[in-house]
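A structural walkthrough
The primary structure of each chain is shown beneath.
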Amino acid sequence: MADIFSEWLRTNRVDDAFLRRNLTDHALPIFLTGAGASGRSMPPETSAEAAWEMAAQALTAGIPELSRLIRFVQTRVPRSFEVQQGRDGRAFTYDRGDRGDRGGRGRKTLPFVSCPYRGTASDILTVAHEFSHALQIVSSGRSTMPPLSREVCAFVGEQLLLGWVRQARPALSPYLETAWLTDNSRYLGTDLQSLKTALESGSDTYDYAWNYPIARLLAQSIGQEWTRKKIAALFRSGEKAPSLLKDYHDRPRILQQRYVLPGMHDADGTVAGLYRQIGGLLLLDLQDMDAGAVDRSIGDRYARLLQSMQDRSVFLALDRQQVPLGYVLWQRDGEGKTVHLEHRIACRQRLPDLLASLESHCPQVAMELRHAKPTDSSWGIRQ
Ligand SMILES: [Zn+2]
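Residues numbered from 1 in each chain as written. Predicted model: local features only at pLDDT ≥ 70, side-chain atom pairs only at ≥ 80, totals over all residues. Heavy atoms only, no water.

An unreviewed UniProt entry lists the protein chain under the name DUF1570 domain-containing protein, from Nitratireductor rhodophyticola.

So this is what it looks like as structure tokens:
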């Protein structure tokens, strides 16, 4: 019993504890990305070939190290966007392996992409997903990547498309963001349920859906944290991909933040509207203390933060995608000496990013923070 599931764990070099820690023992992070976007599903008209080209542009911008291979995939990989009646219509990319000539030492056959395309926002994302599969297969040469890592690459491709569209096609962006969020309800809903069942009681039948939930979380973190070079290395890594992901096994959780926040920069105001609404709701909770929605100490905390905003002694750091990363709060005495310094960060691994951002805006505070002795996330330096 449980043979197929154990085999899947071994193939992908993950274990029960890693999956439980990230998927079942704690609440999943709440994705606010896309939550402020338009709910209508039909985006401005985009043909399948235009979506294919957009995927190529987004990947080239995100992983320029692979630009030659991206161009190769874009022009050479055979693909079908046909919607066939009566078929279940799931997209796939088929790795056709070696040509089998010259004793298997011949050139690798190109992968084949099938992506039924009706022009929905979800279809546009799927095109980027399948393009990324094809790119990963071509980049990895003869080395075959295990399925979970393969899905990480495909989801990273979706992330890169979302990021690129935000800048280059802002009118399309809210549709894709919403579709991405809706897709989550499958990857982190029904697919996760199937994985949980297998975790509980094993399984003697394979469900490809097991690969999605953890890959979705990994891709989110990689999109935030990894350099382009490291992402290129993942696409090229073939069977070695799990070893590039092994750092995540040492972390308490892949995504430690409670909320995955959208970038604050947006052209049409949907994300700004989301932040405004959240701020408005929070302020009402703080205003109506009698309702008991928040603790008095939280009220005091926000009173302090608002005071610091007015005094300009709090710094909100944004990452390269304009996503709030953390903040630093300080207090100076009458002689300008810093008597209190503290920071909050969504994800501890990203402290260097917070410091770098602080450095370029408030170098003095950054220096003090670097030299202060950390005690958890807050420390006084009164001596
Ligand atoms: Zn896939």
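Re the domain arrangement of the protein chain
On domain assignment, one finds that the protein chain holds domain 1 (3-260) and domain 2 (312-380). The straight-line distance from the C-alpha centre of domain 1 to that of domain 2 is 35 Å. Between domain 1 and domain 2, the residue contacts involve 8 residues of the former and 6 residues of the latter. Taking both partners together, domain 1 and domain 2 bury about 750 Å²; carbon and sulfur atoms supply 38% of that area. For the interface between domain 1 and domain 2, the tally reads 0 salt bridges. Counting across the interface, domain 1 meets domain 2 through 6 residue pairs in polar contact (both at pLDDT 80 or more). Considering only residue class, the side of domain 1 that touches domain 2 consists of 2 nonpolar, 4 polar and 2 charged. (Domains from an automatic or database assignment. Contact = heavy atoms within 4.5 Å. Buried area = accessible area lost by both parts, 1.4 Å probe. Salt bridge = Lys/Arg side-chain N within 4 Å of Asp/Glu carboxyl O. Polar contact = N/O pair within 3.5 Å; in protein donor to acceptor, adjacent residues only side chain to side chain. Nonpolar A, V, L, I, M, F, W, Y, C, P; charged D, E, K, R; others polar.)

Details of a nonpolar patch on the surface
Among the surface-exposed residues, L283, L306 and M309 lie close enough to one another that they form a single nonpolar patch of about 290 Å² accessible area. One can find M309 in helix 12 (residues 296-311). M309 sits in the exposed class, given a relative accessible area of 55%. (Patch = residues over 30% accessible without salt bridge, like charges linked within 9 Å, V, L, I, M, F, W, Y side chains within 5 Å. Areas by Shrake-Rupley, 256 points an atom, 1.4 Å probe, with all protein chains shown as cover. Helix = DSSP H or I, 4+ residues; strand = E, 2+ residues; numbered from the N terminus. Buried < 20%, exposed > 50% of the residue type's maximum accessible area, 1.4 Å probe, protein only.)

Some points on the coordination of the zinc ion
The zinc ion binds to the protein through H129 (NE2), H133 (NE2), E151 (OE) and E151 (OE), with metal-donor distances spanning 2.1 to 2.6 Å. With 4 donor atoms in place around the zinc ion and angles of 54 to 143 degrees between them, the coordination shape is irregular. All donor residues of the zinc ion come from one chain, and their arrangement in sequence is H-x3-H-x17-E. Of the two residues, H129 and H133 both sit in helix 5 (residues 121-139), 4 residues apart, roughly one turn of that helix. H133 shares its class with H129; the two are buried. (Donors = N, O, S within 2.8 Å, 3.2 Å for Na, K, Ca; no water. Tetrahedral: all angles 85-135°; square planar, octahedral: opposite > 155°, others 65-115°.)

Structural notes on helix 14 (residues 363-371)
Buried within helix 14 we find V365, A366, E368 and L369. Each buried residue of helix 14 sits inside an arc of 165 degrees when the element is viewed along its axis, so together they form one side. (Arc of directions from axis to C-beta.)

Quick notes on unusual backbone geometry
Backbone geometry places R13, a non-glycine residue, at a positive phi of 50 degrees. On the accessibility criterion, R13 (48% relative accessible area) is partly exposed. Phi is positive for Q322, which is not a glycine, with a value near 65 degrees. With respect to the secondary-structure elements, Q322 resides in the loop between strand 6 (314-318) and strand 7 (324-332).

Notes on the packing of aromatic side chains
Here the structure, examined in full by the defined rule, presents 13 aromatic pairs. Pairing F155 with Y187 gives two aromatic rings, centres 4.8 Å apart and planes at 70 degrees, and the pair type is edge-to-face. In this pair, F155 sits in helix 6 (residues 147-168) while Y187 sits in helix 7 (residues 173-201), placing the two residues 32 residues apart along the sequence. For F155, a relative accessible area of 2% puts it in the buried group. According to the relative accessible area criterion, Y187 is buried, its value standing at 7%. When the centroid spacing of 6.4 Å and the interplanar angle of 80 degrees are considered together, the rings of Y206 and Y208 count as edge-to-face. When its relative accessible area of 42% is taken as the criterion, Y206 is described as partly exposed. Y208 gets classed as partly exposed once you look at its relative accessible area, which sits at 27%. The residue whose ring lies beneath R216 is F155, and the NZ or CZ to ring-centre distance is 4.7 Å. Directly above the aromatic system of W226 lies the positively charged group of K230, at a separation of 4.4 Å from the ring centroid. (Phe/Tyr/Trp six-rings, centres within 6.5 Å; stacked < 30°, edge-to-face > 60°. Lys NZ or Arg CZ within 6 Å of the ring centre and 35° of its normal.)

Quick notes on the state of the cysteines
Following the criterion strictly, the structure yields 0 disulfides and no others. Here C115 is not disulfide-linked; the sulfur of C153 is the nearest cysteine sulfur, at 17 Å. On the basis of relative accessibility, which here comes to 1%, the residue C115 falls in the buried class. (Disulfide = S-S within 2.5 Å.)

Things to note about the pattern of salt bridges
Counted under the stated rule, the structure contains 12 salt bridges. Between E49 and R79 there is a salt bridge whose closest N-O contact spans 3.1 Å. With E49 in helix 3 (residues 48-62) and R79 in strand 2 (residues 79-80), this pair connects stretches of sequence that are 30 residues apart. On the basis of relative accessibility, which here comes to 39%, the residue E49 falls in the partly exposed class. Salt-bridge contacts for R301 lead to E342; the nearest nitrogen and oxygen are separated by 2.9 Å. Placement of the pair is R301 in helix 12 and E342 in strand 8 (residues 338-345), with a sequence separation of 41 residues. On the basis of relative accessibility, which here comes to 4%, the residue E342 falls in the buried class. Through salt bridges with shared partners, a single network forms among D16, R20 and E200.

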